[in-house]
Amino acid sequence: ASGHPPPPLLVVVATTLGAREVGLALRVAQACRSNGQLVVVPMVGKNWRQLTSDANSMGASVVVFVGPDECVRGSFPVKDMRSGTQKLLTLGELE
């Protein structure tokens, strides 16, 4: 009601930008967008700390980490940027 857009949900891709990671990051982004989230997917070679800092600068409320390990596990760390809490969610849970 304030006229401001909601804070973005930031999907972060690991510094190893392999086809598998990028493809899965885009699937995660699509799942979140289908729930009405504003999603930004930075395709840059930065480490987690730099990307989390970027998310803070953008005012992101949540960061979803997508990297090689997450691709293997099939679950993604989801960090609440306000509280600092983190939980693991599957792609199905993000949809």
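Quick caveat, the model's predicted, so the values are computed rather than measured.

What to know about the pattern of salt bridges
1) Next: Under the defined criterion, the tally for this structure stands at one salt bridge.
2) Next: Close ionic contact of Glu70 with Arg73 constitutes a salt bridge, the shortest N to O distance being 3.6 Å. Placement of the pair is Glu70 and Arg73 together in helix α3 (residues 68–73), with a separation of three residues, close to one helical turn.
3) Next: In this structure Glu70 comes out as buried when scored by relative accessible area, which is 9%.

A short note on the pairing of strand β3 (residues 62–66)
1) Next: Among the five residues in β3, five count as buried, and that is most of the element.
2) Next: Of the two faces of β3, both are covered, the one formed by Val62, Val64 and Val66 as well as the one formed by Val63 and Phe65.
3) Next: Summarising the sheet, β3 and strand β4 (residues 75–80) pair through three bridges and their orientation is antiparallel. Counted as the bridge partner of Val64 is Val78 from β4.

The rules we used
- Residues numbered from 1 in each chain as written.
- Predicted model: local features only at pLDDT ≥ 70, side-chain atom pairs only at ≥ 80, totals over all residues.
- Heavy atoms only, no water.
- Salt bridge = Lys/Arg side-chain N within 4 Å of Asp/Glu carboxyl O.
- Helix = DSSP H or I, 4+ residues; strand = E, 2+ residues; numbered from the N terminus.
- Buried < 20%, exposed > 50% of the residue type's maximum accessible area, 1.4 Å probe, protein only.
- Pairing = 2+ DSSP bridges.

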